[in-house]
Amino acid sequence: MKNIRHIALTVLVAATAPVLQNCGSSKAEEEENKKATAKTASVETTALETFALHKHSLASNLQIPGELIAFQQVDLYAKVSSFVKKLHADVGSEVQQGQLLASMEAPELTSQLIGSESRLKSQEAIYQASKANYDRLLETSKTPGTVSQNDLDVALAKKNSDLAQLDAARSTSKEITDTRNYLEIRAPFSGVITARNVSTGAYVGPSGKGSEFPLFTLVEQRKLRLVVSVPEAYTSYLKNKSEVTFSVKSLPNQNFPAKVSRLAGALDLRLRSQRTEMDVVNSDRKLLPGMIAEVSIPLTGDANSFAIPKSAVLNSTQGTYVIKVVDQKALWVPIKTGTSSDDKTEIFGDIQEGDVLVKVANEEIRNNAEVKNTKQVSL
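Residues numbered from 1 in each chain as written. Predicted model: local features only at pLDDT ≥ 70, side-chain atom pairs only at ≥ 80, totals over all residues. Heavy atoms only, no water.

(A) Focus on the sheet that holds strand 9 (residues 203-204). Pairing is antiparallel in the open sheet, where four strands are placed in the order 7-6-4-9. Whereas interior strands pair on both sides, the edge strands pair on one side only; in this sheet they are strand 7 (184-186) and strand 9. Pairing of strand 4 (residues 82-87) with strand 6 (residues 100-105), which is carried by four bridges, proceeds in the antiparallel orientation. When the sheet's bridge partners are listed, Phe 83 is paired in strand 6 with Glu 105. (Pairing = 2+ DSSP bridges. Helix = DSSP H or I, 4+ residues; strand = E, 2+ residues; numbered from the N terminus.)

If you want it as structure tokens, here you go:
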């Protein structure tokens, strides 16, 4: 009897186990379905933010490096072989145009000048004698038969020859005088002496050891040139008289203004950029030639262009797109981007004012996918 009860209990447990297992599995599936349904409902209730496309200009700045150079800079050499007699300026001296910088001496030039002046006086005396002789013969010839025509012609030829010799002597004397004037080195413009390579007594000249280095380097500092190479894509933003600002490392908290004065009008074949020069007034001499400047160029876009948040631009492996919502469908529209600011960028493509675009574009929003819940926001 006990064996019969044990067998009956075993059969009952075996028959009941699958029923309990199926019941537990069914409850787990129901819980998962409830969670998925709740998640889907949550996603569907989250509105997709959109905005209407409108035209307006985008203003931003382009930061590019530039270089400050002297408005004028010249190396001063000696034109004639001579010795430095006295230096009247040194490194850091501020000089004015025409100021004497150095005096040289060349004794042979003094001797040549004295000889040329003597020859000039001698030739003047010869010419005066021949001129007086011709004038007397000419006056006498007015009486018929007193002077032959041949004698008069000879006297005239002698006078003209002596005049030519006098002119040659004058030219020779002037040449030596001008050469002697080169013994004084004067400033061709106002500026500052930035280099001196000779001392008193040094030999200088157009050839030989004395010509290796210039006597002085003169730089104009009260007016500088700011030189920048503007990339091809941004050349349209700078025109003559355009205003920019720049800063230098030595004065990081100060911005300096400048105006475009010269445009190269062609691109550098190596850098594909346009050389642009701005004149900088430097009356207080805070800025120095050779400084590297950080130039800020204003980029003002076209007022008829479209500028949208950067988040609305979708950069995928297939290209660059914006997502336009049309009849509750998402359409990927290919575009090209232009100038960018901190949070916006210009776009160009098959778009027009009034189009509704997704504010935050991502690849989860498929092309031609249905978009039910949207919320239009203002930018």
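(B) Inspection of the environment of Leu 357 at higher detail. Counting through the fold element by element, Leu 357 comes out in strand 21 (residues 356-358). What makes Leu 357 buried here is its relative accessible area of 1%. Note: C-alpha distance between Leu 357 and Ala 312 (45 residues apart in sequence) is 7.5 Å. The contacts of Leu 357, once residues within four sequence positions are left out, are Glu 49, Thr 50, Phe 51, Leu 53, Ile 308, Val 322, Ile 323 and Lys 324. (Buried < 20%, exposed > 50% of the residue type's maximum accessible area, 1.4 Å probe, protein only. Contact = heavy atoms within 4.5 Å.)

(C) Inspection of the sheet that holds strand 10 (residues 216-219) at higher detail. An order of 3-10-8-5 is seen for the four strands of this open sheet, with the pairing classed as antiparallel. Taken across any chain shown, the strands that pair with only one partner, and hence form the sheet edges, are strand 3 (73-76) and strand 5 (94-95).

(D) Highlighting helix 3 (residues 149-181). Look at helix 3: 48 Å from first C-alpha to last across 33 residues, which is about the 48 Å you get at 1.5 Å a residue. Of all the positions in helix 3, only Leu 152, Ala 155, Lys 159, Asp 162, Leu 166, Ala 169, Ser 173 and Ile 176 are classed as buried. Packing partners of the buried residues in helix 3 comprise helix 2 (107-140). (Expected span 1.5 Å × (residues − 1).)

(E) Fine view of the nonpolar core. Ranked by size, the top nonpolar core spans 22 residues in total, and within it Leu 68, Leu 226, Phe 246, Leu 287, Val 295 and Ile 297 carry the most contacts. Here Val 295 is in contact with Leu 62, Gln 63, Ile 64, Gly 66, Leu 226, Val 228, Val 244, Thr 245 and Phe 246, once residues within four sequence places are set aside. With 21 residues, the next largest nonpolar core counts Ala 78, Val 80, Leu 215 and Phe 216 among its residues. (Core = buried A, V, L, I, M, F, W, Y, C linked by side-chain atoms within 4.5 Å.)

(F) Summary view of the packing of helix 2 against helix 3. Packing of helix 2 against helix 3 brings their axes to within 8 Å, and their N-to-C directions diverge by 160°. Of the possible angle classes, the one that applies to helix 2 and helix 3 is roughly antiparallel. Crossing hand, helix 2 versus helix 3: left-handed. Class assignment for the residues of the contact of helix 2 with helix 3 results in 15 nonpolar, 10 polar and 10 charged. (Axes fitted to C-alpha atoms, helices over the stretch in contact; angles between N-to-C directions. Parallel < 35°, antiparallel > 145°, perpendicular 65-115°, else oblique. Left-handed = near helix turned anticlockwise from the far one by under 90°. Nonpolar A, V, L, I, M, F, W, Y, C, P; charged D, E, K, R; others polar.)

(G) Local environment of the pairing of strand 8 (residues 191-196). Sheet analysis places strand 5 next to strand 8, joined by two bridges and oriented antiparallel. Within the sheet, the bridge partner assigned to Val 95 lies in strand 8 and is Gly 191. One ladder, built from four bridges, connects strand 8 with strand 10; its direction is antiparallel. For Val 192, the partnering residue across the bridge sits in strand 10 and is Val 219.

(H) Summary view of the packing of aromatic side chains. According to the stated counting rule, one finds four aromatic pairs in the structure shown. Seen in terms of ring centroids, Tyr 321 and Trp 332 are 5.4 Å apart; in terms of plane orientation they differ by 50°. Their pairing is tilted. With Tyr 321 in strand 18 (residues 319-326) and Trp 332 in strand 19 (residues 329-340), the pair connects residues that are 11 residues apart, well separated along the chain. Like Trp 332, Tyr 321 is buried. (Phe/Tyr/Trp six-rings, centres within 6.5 Å; stacked < 30°, edge-to-face > 60°.)

(I) Fine view of the environment of Ala 157. Structurally, the position occupied by Ala 157 is in helix 3. Ala 157 sits in the partly exposed class, given a relative accessible area of 45%.

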